[in-house]
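A closer look at the structure
One letter stands for each residue in the lines below.
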Amino acid sequence: MHGFTDVDHQSDPTSWVAVLDRLGEEPFYQAYQRRVRELLSSSPGRHYLEVGAGTGASAVRLRDDHGVSVATVDHARTMSDAMRTRGLTECVVADAHHLPFLSRSFHGAWADRTLQHVADPHAAIRELVRVVRPGGRVVLADPDYDTQVLDIADQSLARSVLRFRADALLRNGTLAHQQAGLLAAQGLVDINVEARTLVVRSPTAVDNVLGLRSWAATAAEWGALDPAEARAFTEQFDDAVAAHRFTYAVTFFLTAATVN
């Protein structure tokens, strides 16, 4: 159901590495991830943590660009192996809800597109805060699927399919706009929220990465959409592409705060 949370048990787990690599090549992802690293306010010689680090590409950039050391955590051994091939050495396979580090171990920590997948985001945030020293930064980045829009002829149908993506295909697909409040509840200060909107005009880009064209068929398989509506969605999707009207957008929230 939630692909990224069970990577090691997929039929081809290394395909997820390729998916994340494709995302990492997109200018939008490169730009917002650069901003995430900036929000950590890192200093040379300090120690940082990325939870849900995926292939470790962002951790490598933080290490190389800022002269810091970076530990990484991911639930999947497939991802940990990928990180090690990229030169990261502090790679731990662990649960974001129970980080295997002492309290106040790091000068900062971040989670990028991680909280949308975890079973208990409140517990994951508590753990992130626990392992960061006072004065250190915690940075969260996630898309908020409540902000999705898609231009096809039947907007009611589009909303139904996008709602399915937000509520059924992800554990916490609409959490991102609440992350500032969650950090405030943990006593963090200097909270900053920035929004970055991904606008996709190329259907290949979004479909290859997110599988957008298939969402309606999946909804029908799960009994959340009538099969006839699923077929209509696919037809209207293709019509929008042929007419050069295709537009999909979703907003990412970058939330940063200081441990008190």
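Preceding block: the structure.
Read on for a plain summary of the structure. No experiment lies behind these values; they were computed from the predicted model shown.

Turning our attention to the sheet that holds strand E5 (residues 132-150). Strand order in this open sheet of 7 strands is E3-E2-E1-E4-E5-E7-E6, and the pairing throughout is mixed. Edge positions in the sheet fall to strand E3 (90-93) and strand E6 (189-200), since each has one partner strand and no second. Each adjacent strand pair in this sheet contributes to an overall mean axis angle of 15°, direction not counted. When strand E1 (residues 47-51) meets strand E2 (residues 69-74), the two strands line up parallel, connected through 5 bridges. From the neighbouring strand, tyrosine 48 faces E2, where its bridge partner is valine 70. Contacts from helix H4 (residues 77-85) reach E2 and E3 within the one sheet, and its direction differs from that of E3 by about 170°.

We now examine the pattern of salt bridges. One pass over the structure, following the stated rule, counts 11 salt bridges. Ionic pairing is found between arginine 196 and glutamate 194, a salt bridge with its closest N-O pair at 3.8 Å. Among the residues examined, arginine 196 registers a relative accessible area of 27% and is labelled partly exposed. When its relative accessible area of 18% is taken as the criterion, glutamate 194 is described as buried. Ionic pairing is found between aspartate 238 and arginine 213, a salt bridge with its closest N-O pair at 2.8 Å. Here arginine 213 lies in the loop between helix H8 (203-210) and helix H9 (215-221) and aspartate 238 lies in helix H10 (residues 227-242), a separation of 25 residues in the sequence. Looking at aspartate 238, the relative accessible area reads 32%, which means it is partly exposed. The class for arginine 213 is partly exposed, based on a relative accessible area of 33%.

Okay, the packing of aromatic side chains next. Summed over all chains, the structure comprises 11 aromatic pairs. Their ring planes at 50° and their centres at 5.7 Å tell us that phenylalanine 28 and tyrosine 32 sit as a pair that is tilted. With phenylalanine 28 and tyrosine 32 both in helix H2 (residues 27-39), this residue pair falls 4 residues apart, about one helical turn. Of the two residues examined, phenylalanine 28 and tyrosine 32, each falls in the buried class. A network of ring pairs unites the aromatic residues Phe28, Tyr29, Tyr32 and Phe252 as a single cluster.

Positive phi outside glycine occurs at aspartate 190, with the angle close to 50°. Residue placement: aspartate 190 occurs in strand E6.

This part takes up the pairing of E1. The buried fraction of E1 amounts to 4 of the 5 residues, a majority that puts the element mostly inside the structure. As a crossover connection, the stretch from E1 through helix H3 (residues 57-66) into E2 is right-handed. With 3 bridges joining them, E1 and strand E4 (residues 106-112) adopt parallel strand pairing. Paired with glutamate 50 across the two strands is tryptophan 110, which belongs to E4.

Burial runs high along helix H5 (residues 121-130): 7 of the 10 residues are buried. Burial in H5 covers these residues: Pro121, Ala123, Ala124, Ile125, Glu127, Leu128 and Val129.

Structurally, the position occupied by arginine 231 is in helix H10. Using a relative accessible area of 51% as the deciding quantity, one classes arginine 231 as exposed. C-alpha separation for the pair arginine 231 and threonine 255, spaced 24 residues apart in sequence, amounts to 38 Å.

Another point: helix H6 (residues 155-167). The end-to-end C-alpha distance of H6, which contains 13 residues, comes to 18 Å, matching closely the 18 Å that a straight helix rising 1.5 Å per residue would cover. Among the residues making up H6, those that are buried are Leu157, Ala158, Val161, Leu162, Phe164, Arg165 and Ala166. The N-terminus of H6 is capped by aspartate 154, whose side-chain oxygen sits 3.1 Å from the backbone nitrogen of serine 156.

Conventions and cut-offs
- Residue numbers here run from 1 along each chain, matching the order of that chain's written sequence.
- Predicted model: local features are reported for residues with pLDDT of at least 70 only, side-chain atom pairs are reported and counted for 80 or more only, and whole-chain, interface and lining totals are derived from all residues.
- Hydrogens and water molecules were not included; the side-chain quantities draw on all heavy atoms of the structure.
- Pairing between strands requires that DSSP locate at least two bridges from one strand to the other.
- The secondary structure listing takes helices from DSSP runs of H or I that are at least 4 residues long and strands from runs of E that are at least 2 residues long, numbered from the N terminus.
- Lines are fitted to the C-alpha atoms to define the axes, a helix being fitted only along its stretch in contact, and any angle between axes, read from their N-to-C directions, falls within 0 to 180 degrees.
- What makes two residues a contact is simply this: any of their non-hydrogen atoms within 4.5 Å.
- We count a salt bridge whenever a side-chain nitrogen from Lys or Arg sits within 4 Å of a carboxyl oxygen from Asp or Glu.
- Using a 1.4 Å probe on the protein chains alone, a residue whose accessible area is under 20% of its type maximum counts as buried, one over 50% counts as exposed, and one in between counts as partly exposed.
- Each Phe, Tyr or Trp ring (for Trp, its six-membered ring) is paired with any other whose centre lies within 6.5 Å, and the angle between the two planes then decides the class: stacked below 30 degrees, edge-to-face above 60, tilted in between.
- Look down the strands so they point away from you; if going from the first strand over the helix to the second traces a clockwise path, that crossover is right-handed.
- Multiplying one less than the number of residues by 1.5 Å gives the expected span of a helix.
- In protein, a polar contact requires one atom able to donate a hydrogen and another able to accept it; more generally it is a pair of N or O atoms within 3.5 Å, and residues adjacent in sequence count only if both atoms are side-chain atoms.

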